[in-house]
Amino acid sequence: MARVYLNKVGEHVNEEVEIRGWLYNKRSSGKIQFLIIRDGTDMIQGVVVKSEVKPQVFEAAKSLTQESSLIVKGVVRADERSMSGYELTVTDIEVLQIAEEYPITPKEHGVEYLMDRRHLWLRSQKQHAVMIVRNEVIKASREFFDQRDFVLIDAPILTPSACEGTSTLFETDYFDDKAYLSQSGQLYMEAAAMAFGKVYCFGPTFRAEKSKTRRHLMEFWMIEPEVAFNDIDDNMELQEEYVCYIIQRVLKHCRKELEILERDISKLEAIKTPFPRISYDEALDILKENDVEISWGEDLGGGDETIIASKFDRPVFVHRYPTEIKAFYMKPDPQRPEVVLGSDLLAPEGYGEIIGGGERISDPELLMQRIKEHKLPEEAYAWYIDLRKYGTVPHSGFGMGLERAVAWICGLPHLRESIPFARLINRIYP
Ligand code: 4AD
Ligand code: MG
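Residues numbered from 1 in each chain as written. Chains lettered and ligands numbered in written order. Predicted model: local features only at pLDDT ≥ 70, side-chain atom pairs only at ≥ 80, totals over all residues. Heavy atoms only, no water.

**Section: the overall build of the protein**
Heads up, the rule is: Helix and strand assignments follow DSSP, with helices taken as H or I runs no shorter than four residues and strands as E runs no shorter than two, numbered in order from the N terminus. The buried label goes to any residue with under 20% of its type's maximum accessible area, the exposed label to any with over 50%, and the partly exposed label to all in between, with areas taken from a 1.4 Å probe on protein chains only. Using the Shrake-Rupley algorithm and a 1.4 Å probe, accessible areas are obtained, with residue cover drawn only from the displayed protein chains.
When helices and strands are tallied, the protein shows 13 helices and 19 strands. Principal-axis analysis of the C-alpha atoms gives the protein an extent of 85 × 55 × 40 Å. Within the protein, the proportion of its 430 residues that are buried is 52%. Accessible area for the protein stands at about 20400 Å²; split by element, carbon and sulfur atoms hold 50% of it.

Following this line, the structure appears as C-alpha coordinates:
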(Lines give C-alpha, C1' and ligand atoms only; values in the text may rest on other atoms or scores of the structure.)
(Ligands and ions follow the chains in the order given, each with its own letter.)
Protein backbone atom coordinates (compact mmCIF):
# COMPACT_ATOMS: atom_id res chain seq x y z
CA MET A 1 0.00 0.00 0.00
CA ALA A 2 1.34 3.43 -0.95
CA ARG A 3 2.40 5.78 1.85
CA VAL A 4 1.08 9.12 0.69
CA TYR A 5 1.42 12.75 1.75
CA LEU A 6 -1.86 14.63 1.89
CA ASN A 7 -0.86 17.24 -0.69
CA LYS A 8 -0.58 14.34 -3.15
CA VAL A 9 -3.74 12.33 -2.36
CA GLY A 10 -5.30 13.64 -5.58
CA GLU A 11 -3.02 11.22 -7.45
CA HIS A 12 -4.57 8.27 -5.61
CA VAL A 13 -8.33 8.66 -5.98
CA ASN A 14 -10.20 5.39 -5.29
CA GLU A 15 -6.97 3.75 -4.08
CA GLU A 16 -6.29 2.60 -0.56
CA VAL A 17 -3.38 4.57 0.92
CA GLU A 18 -1.53 5.01 4.19
CA ILE A 19 -1.29 8.41 5.85
CA ARG A 20 0.89 9.29 8.83
CA GLY A 21 -0.03 12.31 10.85
CA TRP A 22 -1.90 13.85 13.75
CA LEU A 23 -5.51 14.38 14.68
CA TYR A 24 -6.37 18.04 14.19
CA ASN A 25 -10.02 17.88 15.14
CA LYS A 26 -12.86 15.41 15.51
CA ARG A 27 -16.61 15.25 15.54
CA SER A 28 -18.91 12.31 15.81
CA SER A 29 -22.52 11.38 15.21
CA GLY A 30 -22.73 8.11 17.12
CA LYS A 31 -22.28 5.73 14.23
CA ILE A 32 -19.78 7.85 12.29
CA GLN A 33 -16.56 9.53 13.42
CA PHE A 34 -15.23 12.42 11.36
CA LEU A 35 -11.50 12.82 11.87
CA ILE A 36 -9.63 15.84 10.57
CA ILE A 37 -6.13 14.53 9.99
CA ARG A 38 -3.10 16.68 9.22
CA ASP A 39 0.33 15.51 8.12
CA GLY A 40 2.17 18.82 7.68
CA THR A 41 1.47 19.10 3.96
CA ASP A 42 -2.32 19.40 4.16
CA MET A 43 -5.42 18.16 5.94
CA ILE A 44 -8.12 15.68 5.06
CA GLN A 45 -11.35 14.51 6.61
CA GLY A 46 -11.30 10.82 7.43
CA VAL A 47 -14.68 9.12 7.81
CA VAL A 48 -14.94 6.10 10.08
CA VAL A 49 -18.25 4.25 9.71
CA LYS A 50 -19.04 1.88 12.58
CA SER A 51 -20.78 -0.69 10.41
CA GLU A 52 -17.92 -0.82 7.90
CA VAL A 53 -14.80 -1.23 10.09
CA LYS A 54 -13.65 -3.67 12.72
CA PRO A 55 -14.91 -2.74 16.21
CA GLN A 56 -11.36 -2.00 17.43
CA VAL A 57 -10.86 0.50 14.60
CA PHE A 58 -14.01 2.38 15.58
CA GLU A 59 -12.92 2.28 19.24
CA ALA A 60 -9.47 3.63 18.25
CA ALA A 61 -11.14 6.52 16.43
CA LYS A 62 -13.25 7.28 19.49
CA SER A 63 -10.21 7.32 21.76
CA LEU A 64 -8.28 9.90 19.72
CA THR A 65 -7.63 13.26 21.35
CA GLN A 66 -6.46 16.44 19.62
CA GLU A 67 -2.87 16.03 18.33
CA SER A 68 -2.78 12.27 18.90
CA SER A 69 -0.33 10.73 16.43
CA LEU A 70 -1.58 7.98 14.14
CA ILE A 71 -1.19 5.95 11.00
CA VAL A 72 -4.40 5.74 9.03
CA LYS A 73 -5.33 3.54 6.11
CA GLY A 74 -8.22 4.40 3.87
CA VAL A 75 -9.58 4.87 0.39
CA VAL A 76 -9.26 8.32 -1.17
CA ARG A 77 -12.53 9.75 -2.52
CA ALA A 78 -12.94 12.87 -4.60
CA ASP A 79 -15.31 15.16 -2.71
CA GLU A 80 -16.08 18.64 -3.93
CA ARG A 81 -17.69 19.75 -0.67
CA SER A 82 -14.56 19.19 1.41
CA MET A 83 -11.84 21.80 1.94
CA SER A 84 -9.14 19.82 0.20
CA GLY A 85 -11.34 18.33 -2.50
CA TYR A 86 -10.84 14.81 -1.08
CA GLU A 87 -12.08 12.65 1.70
CA LEU A 88 -10.73 9.44 3.17
CA THR A 89 -12.92 6.41 3.86
CA VAL A 90 -10.98 4.98 6.79
CA THR A 91 -10.31 1.23 6.87
CA ASP A 92 -7.72 1.00 9.65
CA ILE A 93 -6.15 3.13 12.39
CA GLU A 94 -2.92 2.54 14.26
CA VAL A 95 -2.60 4.87 17.23
CA LEU A 96 1.00 5.89 17.95
CA GLN A 97 0.16 8.01 20.95
CA ILE A 98 -2.95 9.36 22.60
CA ALA A 99 -1.91 12.97 23.19
CA GLU A 100 -2.27 14.61 26.59
CA GLU A 101 -4.85 17.34 26.85
CA TYR A 102 -3.69 19.83 24.21
CA PRO A 103 -3.29 23.39 25.49
CA ILE A 104 -4.31 25.08 22.22
CA THR A 105 -7.97 24.50 21.43
CA PRO A 106 -10.07 26.04 18.66
CA LYS A 107 -11.27 28.67 21.16
CA GLU A 108 -9.60 32.08 21.42
CA HIS A 109 -6.34 32.36 23.35
CA GLY A 110 -4.34 35.47 24.23
CA VAL A 111 -1.22 36.19 22.19
CA GLU A 112 1.19 35.82 25.14
CA TYR A 113 -0.38 32.45 25.95
CA LEU A 114 0.16 31.37 22.35
CA MET A 115 3.68 32.79 22.13
CA ASP A 116 4.61 30.80 25.28
CA ARG A 117 3.49 27.73 23.34
CA ARG A 118 4.93 28.75 19.99
CA HIS A 119 6.46 25.27 19.57
CA LEU A 120 2.90 23.91 19.46
CA TRP A 121 1.17 26.96 17.95
CA LEU A 122 3.11 26.37 14.71
CA ARG A 123 0.79 23.41 14.07
CA SER A 124 -2.26 25.67 13.83
CA GLN A 125 -3.71 26.33 10.42
CA LYS A 126 -2.99 30.06 10.23
CA GLN A 127 0.55 29.78 11.57
CA HIS A 128 1.18 26.96 9.13
CA ALA A 129 -0.06 29.16 6.28
CA VAL A 130 2.27 32.01 7.30
CA MET A 131 5.31 29.70 7.30
CA ILE A 132 4.39 28.34 3.88
CA VAL A 133 4.22 31.91 2.52
CA ARG A 134 7.55 32.69 4.19
CA ASN A 135 9.07 29.63 2.53
CA GLU A 136 7.70 30.79 -0.83
CA VAL A 137 9.17 34.29 -0.40
CA ILE A 138 12.57 32.73 0.29
CA LYS A 139 12.31 30.43 -2.73
CA ALA A 140 11.21 33.33 -4.94
CA SER A 141 14.12 35.45 -3.69
CA ARG A 142 16.70 32.83 -4.54
CA GLU A 143 15.13 32.26 -7.91
CA PHE A 144 14.98 35.99 -8.70
CA PHE A 145 18.65 36.56 -7.99
CA ASP A 146 19.74 33.27 -9.57
CA GLN A 147 17.96 34.19 -12.79
CA ARG A 148 19.89 37.45 -12.88
CA ASP A 149 23.28 35.76 -12.34
CA PHE A 150 23.83 37.07 -8.83
CA VAL A 151 26.26 35.03 -6.75
CA LEU A 152 25.19 34.07 -3.24
CA ILE A 153 27.97 35.07 -0.83
CA ASP A 154 27.46 34.35 2.85
CA ALA A 155 28.31 37.15 5.27
CA PRO A 156 29.74 36.42 8.72
CA ILE A 157 27.52 36.55 11.81
CA LEU A 158 30.29 37.41 14.29
CA THR A 159 31.74 40.76 13.31
CA PRO A 160 34.30 43.22 14.67
CA SER A 161 32.26 46.36 13.93
CA ALA A 162 28.85 47.98 13.42
CA CYS A 163 27.06 48.49 10.13
CA GLU A 164 23.90 50.26 11.28
CA GLY A 165 25.05 52.36 14.24
CA THR A 166 26.40 51.33 17.62
CA SER A 167 23.21 51.75 19.65
CA THR A 168 21.65 48.42 18.65
CA LEU A 169 24.68 46.12 18.84
CA PHE A 170 24.57 42.77 20.58
CA GLU A 171 27.99 42.29 22.11
CA THR A 172 29.68 39.02 22.92
CA ASP A 173 33.10 37.91 24.15
CA TYR A 174 35.48 36.77 21.46
CA PHE A 175 38.31 35.18 23.40
CA ASP A 176 40.15 38.21 24.79
CA ASP A 177 38.30 40.56 22.48
CA LYS A 178 34.81 41.76 21.73
CA ALA A 179 32.62 40.74 18.84
CA TYR A 180 29.17 41.84 17.73
CA LEU A 181 26.34 39.92 16.16
CA SER A 182 25.90 41.17 12.61
CA GLN A 183 23.32 43.92 12.04
CA SER A 184 23.63 43.54 8.27
CA GLY A 185 25.81 41.70 5.76
CA GLN A 186 26.12 44.83 3.63
CA LEU A 187 29.75 45.78 4.24
CA TYR A 188 30.85 42.28 3.30
CA MET A 189 28.61 42.33 0.24
CA GLU A 190 30.41 45.46 -0.89
CA ALA A 191 33.68 43.53 -0.79
CA ALA A 192 32.01 40.66 -2.64
CA ALA A 193 30.49 42.97 -5.29
CA MET A 194 34.02 44.12 -6.17
CA ALA A 195 34.98 40.47 -6.65
CA PHE A 196 31.85 39.09 -8.34
CA GLY A 197 29.94 42.11 -9.69
CA LYS A 198 26.43 41.11 -8.58
CA VAL A 199 26.02 39.38 -5.24
CA TYR A 200 23.55 38.83 -2.45
CA CYS A 201 23.43 37.35 1.00
CA PHE A 202 20.56 35.93 2.96
CA GLY A 203 21.02 35.37 6.65
CA PRO A 204 20.01 36.23 10.17
CA THR A 205 20.74 39.72 11.45
CA PHE A 206 20.54 41.09 14.97
CA ARG A 207 19.50 44.38 16.51
CA ALA A 208 19.21 45.16 20.19
CA GLU A 209 16.13 47.32 19.57
CA LYS A 210 15.25 48.80 22.89
CA SER A 211 11.78 49.83 21.79
CA LYS A 212 8.76 47.57 21.78
CA THR A 213 6.93 47.91 18.48
CA ARG A 214 5.01 45.61 16.19
CA ARG A 215 7.65 46.17 13.48
CA HIS A 216 10.79 45.21 15.37
CA LEU A 217 12.42 41.90 16.15
CA MET A 218 15.79 41.39 17.85
CA GLU A 219 16.68 38.68 15.35
CA PHE A 220 15.41 38.87 11.78
CA TRP A 221 16.41 37.64 8.34
CA MET A 222 17.57 39.91 5.60
CA ILE A 223 18.09 39.54 1.86
CA GLU A 224 20.85 41.90 0.77
CA PRO A 225 21.92 42.31 -2.86
CA GLU A 226 24.83 44.56 -3.82
CA VAL A 227 25.76 45.54 -7.38
CA ALA A 228 28.95 47.20 -8.65
CA PHE A 229 28.30 50.19 -10.94
CA ASN A 230 24.60 50.51 -9.99
CA ASP A 231 23.42 53.97 -9.00
CA ILE A 232 20.41 54.91 -6.86
CA ASP A 233 18.00 54.65 -9.80
CA ASP A 234 19.26 51.22 -10.89
CA ASN A 235 18.92 50.22 -7.25
CA MET A 236 15.28 51.28 -7.02
CA GLU A 237 14.49 49.50 -10.29
CA LEU A 238 15.98 46.27 -8.98
CA GLN A 239 13.90 46.60 -5.80
CA GLU A 240 10.59 47.09 -7.55
CA GLU A 241 11.22 44.18 -9.89
CA TYR A 242 12.19 42.02 -6.96
CA VAL A 243 9.15 42.91 -4.85
CA CYS A 244 6.78 42.32 -7.79
CA TYR A 245 8.42 38.97 -8.47
CA ILE A 246 7.86 37.83 -4.90
CA ILE A 247 4.23 38.98 -4.89
CA GLN A 248 3.51 37.21 -8.17
CA ARG A 249 5.07 34.00 -6.90
CA VAL A 250 3.04 34.04 -3.70
CA LEU A 251 -0.16 34.83 -5.60
CA LYS A 252 0.56 31.92 -7.91
CA HIS A 253 1.63 29.27 -5.38
CA CYS A 254 -0.01 30.25 -2.10
CA ARG A 255 -3.66 30.92 -2.94
CA LYS A 256 -4.89 28.49 -0.33
CA GLU A 257 -2.68 30.01 2.37
CA LEU A 258 -3.78 33.56 1.55
CA GLU A 259 -7.38 32.37 1.79
CA ILE A 260 -6.77 30.76 5.19
CA LEU A 261 -5.24 34.08 6.30
CA GLU A 262 -8.28 35.94 4.92
CA ARG A 263 -5.93 38.19 2.98
CA ASP A 264 -7.52 40.71 0.61
CA ILE A 265 -5.84 39.43 -2.55
CA SER A 266 -6.92 42.41 -4.66
CA LYS A 267 -4.50 44.56 -2.64
CA LEU A 268 -1.62 42.31 -3.66
CA GLU A 269 -2.77 42.03 -7.25
CA ALA A 270 -2.50 45.83 -7.53
CA ILE A 271 1.27 45.67 -6.91
CA LYS A 272 2.84 46.48 -10.27
CA THR A 273 5.93 48.36 -11.47
CA PRO A 274 6.77 51.20 -11.52
CA PHE A 275 6.51 52.15 -7.86
CA PRO A 276 6.10 55.86 -7.12
CA ARG A 277 9.23 57.73 -6.01
CA ILE A 278 9.05 60.73 -3.73
CA SER A 279 11.79 62.66 -1.97
CA TYR A 280 12.01 63.10 1.78
CA ASP A 281 11.04 66.75 1.19
CA GLU A 282 7.89 65.67 -0.66
CA ALA A 283 7.15 63.22 2.13
CA LEU A 284 7.23 66.10 4.61
CA ASP A 285 4.76 67.99 2.40
CA ILE A 286 2.36 65.04 2.46
CA LEU A 287 2.64 64.88 6.24
CA LYS A 288 1.98 68.62 6.52
CA GLU A 289 -1.19 68.25 4.42
CA ASN A 290 -2.25 65.68 7.00
CA ASP A 291 -1.54 68.01 9.92
CA VAL A 292 1.68 66.26 10.95
CA GLU A 293 4.49 68.76 11.48
CA ILE A 294 7.98 67.34 11.18
CA SER A 295 10.89 69.71 11.01
CA TRP A 296 13.42 69.07 8.27
CA GLY A 297 16.12 66.70 9.50
CA GLU A 298 13.93 64.58 11.72
CA ASP A 299 13.46 60.91 10.92
CA LEU A 300 10.08 59.54 9.92
CA GLY A 301 8.32 57.40 12.51
CA GLY A 302 6.14 54.37 11.93
CA GLY A 303 2.96 56.48 12.03
CA ASP A 304 4.40 58.93 9.49
CA GLU A 305 5.28 56.07 7.13
CA THR A 306 1.71 54.80 7.38
CA ILE A 307 0.30 58.20 6.37
CA ILE A 308 2.67 58.54 3.42
CA ALA A 309 2.07 54.99 2.19
CA SER A 310 -1.72 55.41 2.45
CA LYS A 311 -1.57 57.87 -0.46
CA PHE A 312 -0.52 55.11 -2.84
CA ASP A 313 -1.92 51.71 -3.89
CA ARG A 314 1.54 50.17 -4.19
CA PRO A 315 4.82 50.45 -2.30
CA VAL A 316 6.41 53.90 -2.45
CA PHE A 317 10.09 54.88 -2.44
CA VAL A 318 11.12 57.75 -0.22
CA HIS A 319 14.58 58.88 -1.32
CA ARG A 320 17.13 61.52 -0.40
CA TYR A 321 16.79 61.55 3.37
CA PRO A 322 18.87 64.03 5.37
CA THR A 323 22.49 62.88 5.53
CA GLU A 324 22.54 63.41 9.28
CA ILE A 325 19.96 60.72 10.09
CA LYS A 326 21.33 58.02 7.82
CA ALA A 327 24.17 55.51 8.14
CA PHE A 328 27.83 56.53 7.73
CA TYR A 329 28.29 54.73 4.39
CA MET A 330 25.55 56.51 2.43
CA LYS A 331 26.69 58.65 -0.47
CA PRO A 332 25.71 62.33 -0.31
CA ASP A 333 23.88 63.71 -3.35
CA PRO A 334 26.55 65.69 -5.28
CA GLN A 335 23.87 68.28 -6.16
CA ARG A 336 22.83 68.64 -2.53
CA PRO A 337 25.20 67.09 0.03
CA GLU A 338 22.75 67.58 2.91
CA VAL A 339 20.78 64.59 1.55
CA VAL A 340 21.94 61.08 0.65
CA LEU A 341 21.38 58.91 -2.43
CA GLY A 342 19.48 56.34 -0.41
CA SER A 343 15.88 55.21 -0.31
CA ASP A 344 13.42 53.38 1.89
CA LEU A 345 10.62 51.38 0.37
CA LEU A 346 7.38 51.75 2.31
CA ALA A 347 4.76 49.03 1.96
CA PRO A 348 1.05 49.86 1.73
CA GLU A 349 -1.58 49.20 4.42
CA GLY A 350 0.49 50.47 7.32
CA TYR A 351 3.37 47.98 7.07
CA GLY A 352 6.04 50.67 6.84
CA GLU A 353 9.61 50.28 5.65
CA ILE A 354 10.30 46.86 4.14
CA ILE A 355 13.53 47.80 2.34
CA GLY A 356 16.38 50.20 3.05
CA GLY A 357 19.24 50.82 0.65
CA GLY A 358 21.13 53.15 -1.64
CA GLU A 359 24.38 54.19 -3.18
CA ARG A 360 27.50 53.83 -1.04
CA ILE A 361 30.34 56.29 -0.64
CA SER A 362 33.06 55.31 -3.10
CA ASP A 363 35.60 58.03 -2.25
CA PRO A 364 38.16 56.86 0.36
CA GLU A 365 38.71 60.33 1.91
CA LEU A 366 35.03 61.05 2.38
CA LEU A 367 34.45 57.59 3.82
CA MET A 368 37.27 58.10 6.32
CA GLN A 369 35.82 61.46 7.29
CA ARG A 370 32.39 59.87 7.92
CA ILE A 371 33.86 57.07 10.03
CA LYS A 372 35.49 59.73 12.20
CA GLU A 373 32.33 61.85 12.39
CA HIS A 374 30.36 58.80 13.52
CA LYS A 375 33.08 58.05 16.11
CA LEU A 376 33.56 54.53 14.79
CA PRO A 377 36.82 52.67 15.56
CA GLU A 378 38.95 53.23 12.45
CA GLU A 379 41.04 50.04 12.77
CA ALA A 380 37.94 47.85 12.52
CA TYR A 381 37.02 49.47 9.20
CA ALA A 382 40.47 49.42 7.58
CA TRP A 383 39.47 46.55 5.27
CA TYR A 384 36.30 48.42 4.26
CA ILE A 385 38.30 51.51 3.32
CA ASP A 386 40.66 49.28 1.32
CA LEU A 387 37.75 48.60 -1.05
CA ARG A 388 37.94 52.30 -2.01
CA LYS A 389 41.71 52.19 -2.61
CA TYR A 390 41.92 49.38 -5.12
CA GLY A 391 39.71 50.26 -8.06
CA THR A 392 36.83 52.01 -6.35
CA VAL A 393 33.57 52.18 -8.34
CA PRO A 394 30.08 53.49 -7.70
CA HIS A 395 27.90 50.75 -6.22
CA SER A 396 24.52 50.25 -4.62
CA GLY A 397 22.53 47.70 -2.74
CA PHE A 398 19.66 47.20 -0.37
CA GLY A 399 18.31 45.00 2.39
CA MET A 400 14.82 43.60 2.58
CA GLY A 401 13.63 42.48 5.98
CA LEU A 402 12.07 39.09 5.32
CA GLU A 403 9.64 39.30 8.24
CA ARG A 404 8.44 42.78 7.26
CA ALA A 405 7.71 41.50 3.77
CA VAL A 406 5.99 38.35 5.03
CA ALA A 407 3.88 40.31 7.55
CA TRP A 408 2.73 42.62 4.77
CA ILE A 409 1.99 39.85 2.27
CA CYS A 410 0.09 37.82 4.88
CA GLY A 411 -1.65 40.85 6.40
CA LEU A 412 -0.33 40.15 9.92
CA PRO A 413 -0.79 42.77 12.61
CA HIS A 414 2.61 42.09 14.25
CA LEU A 415 5.99 40.77 13.09
CA ARG A 416 6.09 38.09 15.80
CA GLU A 417 3.97 35.69 13.71
CA SER A 418 6.09 36.08 10.58
CA ILE A 419 9.11 34.19 11.98
CA PRO A 420 9.03 30.66 13.45
CA PHE A 421 10.45 31.63 16.84
CA ALA A 422 10.39 35.37 17.47
CA ARG A 423 13.00 37.09 19.62
CA LEU A 424 11.39 40.11 21.26
CA ILE A 425 12.49 42.54 23.95
CA ASN A 426 10.67 40.48 26.60
CA ARG A 427 10.92 37.06 24.98
CA ILE A 428 13.63 34.50 24.21
CA TYR A 429 11.45 31.42 25.00
CA PRO A 430 10.80 28.93 23.51
O1 4AD B 1 17.22 49.92 6.89
P2 4AD B 1 18.15 48.91 7.44
O3 4AD B 1 18.71 49.15 8.78
O4 4AD B 1 19.29 48.78 6.35
C5 4AD B 1 20.38 47.99 6.42
O6 4AD B 1 20.61 47.20 7.30
C7 4AD B 1 21.26 48.06 5.22
N8 4AD B 1 22.63 47.76 5.65
C9 4AD B 1 20.76 47.09 4.18
C10 4AD B 1 21.56 47.14 2.90
O11 4AD B 1 21.58 48.16 2.26
N12 4AD B 1 22.18 46.05 2.54
O13 4AD B 1 17.45 47.49 7.44
C14 4AD B 1 16.97 46.93 6.24
C15 4AD B 1 15.62 46.31 6.45
C16 4AD B 1 14.53 47.30 6.87
O17 4AD B 1 13.98 47.96 5.76
C18 4AD B 1 13.54 46.37 7.53
O19 4AD B 1 12.75 45.71 6.54
C20 4AD B 1 14.42 45.33 8.17
O21 4AD B 1 15.65 45.37 7.50
N22 4AD B 1 14.63 45.60 9.60
C23 4AD B 1 14.02 44.92 10.59
N24 4AD B 1 13.12 43.93 10.56
C25 4AD B 1 12.70 43.44 11.75
N26 4AD B 1 13.13 43.88 12.93
C27 4AD B 1 14.04 44.87 13.02
N28 4AD B 1 14.48 45.26 14.20
C29 4AD B 1 14.53 45.44 11.79
N30 4AD B 1 15.42 46.41 11.50
C31 4AD B 1 15.48 46.49 10.15
MG1 MG C 1 16.15 51.58 7.38
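**Describing the pattern of salt bridges**
Put simply, the test is: When a carboxyl oxygen of Asp or Glu lies within 4 Å of a side-chain nitrogen of Lys or Arg, that pair is called a salt bridge.
What the rule picks out here adds up to 29 salt bridges. Residue Arg 20 is joined to Glu 18 by a salt bridge in which the shortest nitrogen-to-oxygen separation is 2.8 Å. Residue classification places Arg 20 among the partly exposed residues on the basis of a relative accessible area of 40%. The salt bridge partner of Arg 427 is Asp 116, with a shortest N-O separation of 3.0 Å.

**Concerning the sheet that holds strand β19 (residues 395-401)**
For clarity, the cut-off: At least two DSSP bridges between two strands are required for those strands to pair. Working rule for contacts: check all heavy atoms of both residues, and any pair within 4.5 Å makes them a contact. Note on method: axes are straight lines fitted to C-alpha atoms, helices fitted across the in-contact stretch only, with angles between N-to-C directions ranging 0 to 180 degrees.
The 8 strands lie next to each other as β7-β11-β12-β19-β18-β17-β14-β13, forming an open sheet whose pairing is mixed. Here the strands that pair on one side only, and so sit at the sheet edges, are β7 (151-152) and β13 (277-279). Note that β7 and strand β11 (residues 198-206) share 2 bridges and pair parallel. If you follow Leu 152 over to β11, its bridge partner there is Tyr 200. Against the sheet, helix α4 (residues 125-147) engages β7, β11, β12 (219-228) and β19, with an angle of about 155° to β11.

**Structural notes on the site of ligand 1**
Note the following rule: Near residues are defined by distance, with any heavy atom within 4 Å of the molecule or strand qualifying the residue. Whenever a nitrogen or oxygen atom comes within 3.5 Å of another N or O atom, the pair is scored as a polar contact, on the condition that within protein one atom can donate a hydrogen and the other can accept it, and that pairs from neighbouring residues in sequence are kept only if both atoms are in side chains. Three classes are used, and their members are as follows: Ala, Val, Leu, Ile, Met, Phe, Trp, Tyr, Cys and Pro are nonpolar, Asp, Glu, Lys and Arg are charged, and the others, Gly among them, are polar.
Taken together, the neighbourhood of ligand 1 is formed by 25 residues, with Glu 164, Gln 186, Glu 224, Glu 353 and Ile 354 sitting nearest. In this structure, Ile 355 approaches ligand 1 through a main-chain N or O atom, which is 3.4 Å from an oxygen atom. Contact with the protein chains covers 94% of the free accessible surface of ligand 1, which is 620 Å². Taken together, the elements giving at least two residues each to the shell around ligand 1 come down to β12, β18 (352-359) and β19. Looking at the shell around ligand 1 element by element, the count peaks at 5 residues for β18. Considering only residue class, the shell around ligand 1 consists of 9 nonpolar, 8 polar and 8 charged.

**As for the sheet that holds strand β9 (residues 171-174)**
Sheet strands line up and pair through hydrogen bonds in the backbone, either parallel or antiparallel. The 3 strands lie next to each other as β8-β10-β9, forming an open sheet whose pairing is antiparallel. Each end of this open sheet is capped by a strand with a single partner; those strands are β8 (158-159) and β9. Direction of pairing for β8 relative to strand β10 (residues 177-181): antiparallel, over a ladder of 2 bridges. What sits directly across from Thr 159, in β10, is Tyr 180.

**A look at the packing of α4 against helix α13 (residues 402-410)**
So the rule is basically this: Orientation categories follow fixed angle ranges, with anything under 35 degrees roughly parallel, anything over 145 roughly antiparallel, 65 to 115 roughly perpendicular, and all other angles oblique. Should the near helix be turned counterclockwise from the far one by less than a right angle, the crossing is left-handed, whereas a clockwise turn marks it as right-handed.
α13 packs onto α4 with a crossing angle of 125° between their chain directions and a minimal axis gap of 10 Å. By the angle class used here, α4 and α13 are oblique. Crossing angle aside, the handedness with which α4 passes α13 is right-handed. From α4, Val 130, Val 133, Arg 134, Val 137 and Ile 138 reach across to α13, where they touch Leu 402, Glu 403, Val 406, Ile 409 and Cys 410. In terms of residue class, the contact of α4 with α13 is built from 8 nonpolar, no polar and 2 charged.

**Remarks on the packing of aromatic side chains**
So the rule is basically this: Between the rings of Phe, Tyr and Trp (Trp by its six-membered ring), a pair exists once the centres lie within 6.5 Å; its type follows the angle of the planes, with under 30 degrees stacked, over 60 edge-to-face, and the other angles tilted.
A full pass over the atoms with the stated rule returns 17 aromatic pairs. Between Tyr 188 and Trp 383 the ring centres are 4.7 Å apart and the planes differ by 20°, which places this aromatic pair in the stacked class. Placement of the pair is Tyr 188 in helix α5 (residues 186-196) and Trp 383 in helix α12 (residues 382-386), with a sequence separation of 195 residues. What makes Tyr 188 partly exposed here is its relative accessible area of 21%.

**Details of the nonpolar core**
Note the cut-off: Working definition of a nonpolar core: buried Ala, Val, Leu, Ile, Met, Phe, Trp, Tyr and Cys residues. They are joined through side-chain atoms within 4.5 Å.
If you look at the biggest cluster of nonpolar residues, it comprises 62 residues, and the most contacted ones within it are Val 137, Trp 408 and Ile 409. No other element matches helix α6 (residues 232-253), which puts 11 residues into this core. Sequence-distant contacts of Trp 408, defined by excluding residues within four places in its chain, comprise Val 243, Ile 247, Arg 263, Ile 271, Pro 315, Ala 347, Pro 348, Glu 349, Tyr 351 and Ile 354. Core analysis: the second largest hydrophobic core is formed by 22 residues, Leu 6, Ala 60, Leu 64 and Val 90 among them.

**Quick look at the domain arrangement of the protein**
A common way to state how big an interface is: give the accessible area lost once the parts meet. The test is simple: Reported domain spans reflect what an automatic or database domain assignment gives. What gets called buried area is simply the loss in accessible area from a 1.4 Å probe that two parts show on being joined, summed for both.
With domains assigned, the protein is organised as domain 1 (2-97) and domain 2 (118-417). In this structure, domain 1 and domain 2 have C-alpha centres spaced 45 Å apart. Each side of the interface is counted separately: domain 1 has 8 residues, and domain 2 has 5 residues. When domain 1 packs against domain 2, close to 490 Å² is buried across both sides, 39% of that on carbon and sulfur atoms. Contact with domain 2 buries surface across domain 1, with Tyr 24, Arg 38 and Gly 40 losing the most and accounting together for 50% of the total. If you look at where domain 1 meets domain 2, you find 2 salt bridges. For Glu 67, the salt bridge is made with Arg 123, and the minimal N-O distance between the two is 2.9 Å. The tally of links from domain 1 across to domain 2 stands at 4 residue pairs in polar contact (both at pLDDT 80 or more).

**So, the pairing of strand β2 (residues 16-28)**
As paired elements, strand β1 (residues 2-3) and β2 share 2 bridges and run parallel to each other. Paired with Arg 3 across the strands is Glu 18, a residue of β2. When β2 meets strand β5 (residues 69-78), the two strands line up antiparallel, connected through 7 bridges. When the sheet's bridge partners are listed, Arg 20 is paired in β5 with Ile 71. Linking β2 back to strand β3 (residues 32-38) in an antiparallel pair, the connection comprises 3 residues, with Gly 30 at a positive phi of about 75°.

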